[in-house]
Amino acid sequence: MSIVFGIDIGGTTVKCGVFTEKGDLLDKWEIPTDRTNGGENILSDVAKSVLNKAEEMKLDRKDILGLGIGVPGPVLADGTVLRCANLGWGIVNVREAMEALISMPVFVGNDANIAALGEAWKGGGRGYDSILMITLGTGVGGGLILNGKIVCGSNGAAAEIGHIIVNPEETDTCGCGGHGHLEQYASATGIVRMAKKALLDESVDTALRTYIPLTAKDIFDEAKKGDETAMMLVDKLGSYLALAMTHVAAVADPKAFVIGGGVSRAGRILTDAIERHYNDNIMKALQNKEIRLAELGNDAGIYGAASMVID
C-alpha cells in the first residue's frame with residue numbers, strides 16, 4: 001500500500017497526517033512548533049516525527065510516495081518560502097531542506113492554498129476542480145484552485161482576498177497598513193469592530209450590549225434570534241464579502257466558493273447573507289455561483305498537503 005504524509009505547520013502546533021494514495025486518513029497527530037532561534041528546529045522536528053511514524057507503522061521507504069507541507073507564508077514554485085513571520089523564518093527553501101532530512105519527495109505550499117486544495121479534494125468543494133476558498137478567522141485568508149491546481153502568483157501571494165479594498169472611504173487602518181480592506185469587516189475581529197461602532201449610538205436597542213466582551217459568535221447567535229442590530233451587522237458582513245467575491249469571480253471565474261475558518265461555524269446564516277448580495281453587481285455569466293461551507297475544519301491543511309503529493 002502506497003502512503004503519503006501531509007503536514008500543516010502553524011505558529012503553535014504542527015498538524016501531521018498519514019494517508020493512503022486514495023486519500024483515506026490512517027492517522028493524525030500534532031507536535032509543538034518550536035519557534036526559538038528563528039524557528040531553526042521546526043523542519044528537523046517535523047522530519048523526526050514523520051520518520052518515527054513511518055517506523056511505528058513499519059512502512060518500507062519504497063511505499064512512501066512523499067510528503068506535502070503547508071506553511072504560513074508566501075511560497076514560490078520551487079519550494080522557497082519568502083518569509084514566515086510567525087515562524088521566525090526569512091528566506092528558506094523548505095523543499096530542499098526537508099528532502100535532505102528525510103530523503104523522499106517533498107512538495108510545499110502556502111497554508112491557505114493547501115487548505116483550499118484539501119477542501120476541493122475531500123471537503124466542501126469536492127466535485128469542483130476550480131474553487132476559491134475563503135477562511136474567516138482573526139483575519140481573512142484565501143486559496144484559489146483552478147483546474148485542480150493551486151494558483152500561487154508571481155510572489156506566492158495570490159488570493160490574498162482579505163486585502164481587497166471593499167470600502168475606499170474607510171479611515172481605520174487594516175493590519176497591513178491599508179484602508180477599507182475586506183479583513184476589516186468580514187473577519188471575526190472585523191464584525192466585532194463594526195458592532196462596537198454601531199453601539200456608540202446610544203439609541204440603538206440591542207442585546208449585544210449585554211455581552212462583555214462581545215465576540216463574533218455572540219453577534220451571529222443574536223442575529224439568529226432576530227436581534228435587528230445583529231442581523232444588520234451580519235448582512236453588512238455578507239455584502240462586503242460578496243463584493244470581494246465578485247471581484248475575484250470577474251478575474252478567475254471559479255465554479256464554487258467555499259467558506260471556512262472559525263466564523264464559518266455560524267452556518268447558513270452566513271452563506272445566506274452572502275447570497276443576498278452576490279448577484280447584485282456582476283455580469284450574468286458569473287452569477288449564481290455555488291457557495292458552500294467548508295467541511296474539513298482543522299484537517300483541511302493536512303488533506304491538501306497530502307493531495308499535493310498524490311497529484
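Residues numbered from 1 in each chain as written. Predicted model: local features only at pLDDT ≥ 70, side-chain atom pairs only at ≥ 80, totals over all residues. Heavy atoms only, no water.

Undergrad: Any details on the pattern of salt bridges? Residues and values, ideally.
TA: Here the structure, examined in full by the defined rule, presents 18 salt bridges. Of the charged contacts in the structure, one is a salt bridge between Lys197 and Asp172, with a shortest N-O distance of 3.1 Å. Separated by 25 residues along the polypeptide, Lys197 in helix H6 (residues 188-199) and Asp172 in the loop between strand E10 (149-150) and helix H5 (183-186) bring together distant segments of the chain. Relative accessible area serves as the criterion here: at 42%, Lys197 is assigned to the partly exposed category. By relative accessible area, which is 28% here, Asp172 ends up partly exposed. Through salt bridges with shared partners, a single network forms among Glu170, Asp172, Arg193 and Lys197. (Salt bridge = Lys/Arg side-chain N within 4 Å of Asp/Glu carboxyl O. Helix = DSSP H or I, 4+ residues; strand = E, 2+ residues; numbered from the N terminus. Buried < 20%, exposed > 50% of the residue type's maximum accessible area, 1.4 Å probe, protein only.)

Undergrad: Provide a residue-level description of the sheet that holds strand E8 (residues 131-136), including the pertinent values.
TA: Here we have 5 strands laid out as an open sheet, ordered E10-E9-E8-E11-E12, and mixed in their pairing. Looking at the sheet topology across the chains shown, the edges are occupied by E10 and strand E12 (290-293). As paired strands, strand E11 (residues 256-260) and E12 are joined by 4 bridges and run parallel to one another. For Ala256, the partnering residue across the bridge sits in E12 and is Glu290. (Pairing = 2+ DSSP bridges.)

Undergrad: Residues and numbers for the pairing of E11, please.
TA: A large share of E11 lies buried, amounting to 5 of its 5 residues. The alternating pattern of E11 places Ala256, Val258 and Gly260 on one face and Phe257 and Ile259 on the opposite face, and all of these are buried. Here 5 bridges tie E8 to E11, and the two strands are oriented parallel to one another. By the bridge assignment for E11, Leu132 is matched with Phe257. On the question of chirality, the crossover connecting E11 to the parallel E12 by way of helix H9 (residues 268-278) is right-handed. (Right-handed = clockwise from strand over helix to strand, strands pointing away.)

Undergrad: Help me get a handle on the packing of aromatic side chains, residues and values and all.
TA: Applying the stated criterion across every chain, the model contains 5 aromatic pairs. The interplanar angle of 65 degrees and the centroid separation of 4.8 Å between the aromatic rings of Phe19 and Tyr303 together place this pair among those described as edge-to-face. Of this pair, Phe19 sits in strand E2 (residues 13-20) while Tyr303 sits in helix H10 (residues 300-310), and the two are 284 residues apart along the sequence. Ring centres 6.3 Å apart and planes at 70 degrees place the aromatic pair Trp121 and Tyr303 in the edge-to-face group. Taken together, the residues Trp121 in helix H4 (residues 111-122) and Tyr303 in helix H10 connect sequence positions 182 residues apart. The rings of Phe19, Trp121 and Tyr303 are connected pair by pair, giving a single aromatic cluster. (Phe/Tyr/Trp six-rings, centres within 6.5 Å; stacked < 30°, edge-to-face > 60°.)

Undergrad: Can you break down the packing of H4 against H10 residue by residue, with the values?
TA: Running from amino to carboxyl end, H4 crosses H10 at an angle of 80 degrees, the nearest separation of the two axes being 7 Å. Classified by the interaxial angle, the pair formed by H4 and H10 is roughly perpendicular. Only Ala300, Gly301, Tyr303, Gly304, Ala305, Ala306, Ser307, Met308 and Ile310 of H10 make contact with H4, whose side of the interface consists of Ile114, Ala115, Leu117, Gly118, Glu119, Trp121 and Lys122. Split by residue class, the contact of H4 with H10 holds 10 nonpolar, 4 polar and 2 charged. (Axes fitted to C-alpha atoms, helices over the stretch in contact; angles between N-to-C directions. Parallel < 35°, antiparallel > 145°, perpendicular 65-115°, else oblique. Contact = heavy atoms within 4.5 Å. Nonpolar A, V, L, I, M, F, W, Y, C, P; charged D, E, K, R; others polar.)

Undergrad: Describe the side chain of Asp218, naming the residues involved and giving the relevant values.
TA: By the secondary structure assignment, Asp218 is in helix H7 (residues 216-225). There is no salt bridge for the buried Asp218, and the closest opposite charge comes from Lys217, which lies 5.8 Å off by N-O distance. Those residues in contact with Asp218 that sit more than four places away from it in its chain are Leu208, Tyr211 and Pro213. (Lys, Arg positive; Asp, Glu negative; His and termini not counted.)

Undergrad: Pulling in residues and values, what's your account of unusual backbone geometry?
TA: Backbone torsion omega between Ile212 and Pro213 reads -5 degrees, so that peptide bond is classified as cis. Mapped onto the fold, Pro213 is located in the loop between H6 and H7. The backbone of Asp253 sits at a positive phi, close to 50 degrees, despite the residue not being glycine. One can find Asp253 in the loop between helix H8 (228-252) and E11.

Undergrad: Which residues make up the sheet that holds strand E1 (residues 3-9), and what values go with them?
TA: The strand order E3-E2-E1-E4-E7 describes an open sheet built from 5 strands, whose pairing is mixed. Lying at the two open borders of the sheet, with one neighbouring strand each, are strand E3 (25-32) and strand E7 (106-110). With strand direction ignored, the average angle separating the axes of adjacent strands in the sheet is 15 degrees. Direction of pairing for E1 relative to strand E4 (residues 64-71): parallel, over a ladder of 6 bridges. The residue of E4 that forms the bridge with Asp8 is Gly70. With respect to the sheet, helix H3 (residues 94-102) is in contact with E4 and E7, its orientation differing from that of E7 by roughly 145 degrees. Helix-sheet contacts for H4 involve E1, E4 and E7, and the interaxial angle to E7 is about 105 degrees.

Undergrad: An account of the nonpolar core is requested, with residue identities and associated values reported.
TA: Of all hydrophobic cores here, the largest spans 45 residues; its most connected members are Ile191 and Ile219. Secondary structure elements with two or more residues in this core: E8, strand E9 (140-146), H5, H6, H7, H8, E11 and H9. Ranked by the residues each element gives to this core, the list is headed by H8, at 12 residues. Apart from residues no more than four positions distant in its own chain, Ile219 is found in contact with Ile191, Val192, Ala195, Leu208, Leu214, Ala230, Leu233 and Val234. Formed by 31 residues, the second largest nonpolar core is a distinct cluster that contains Val46, Ile64, Leu87 and Val94. (Core = buried A, V, L, I, M, F, W, Y, C linked by side-chain atoms within 4.5 Å.)

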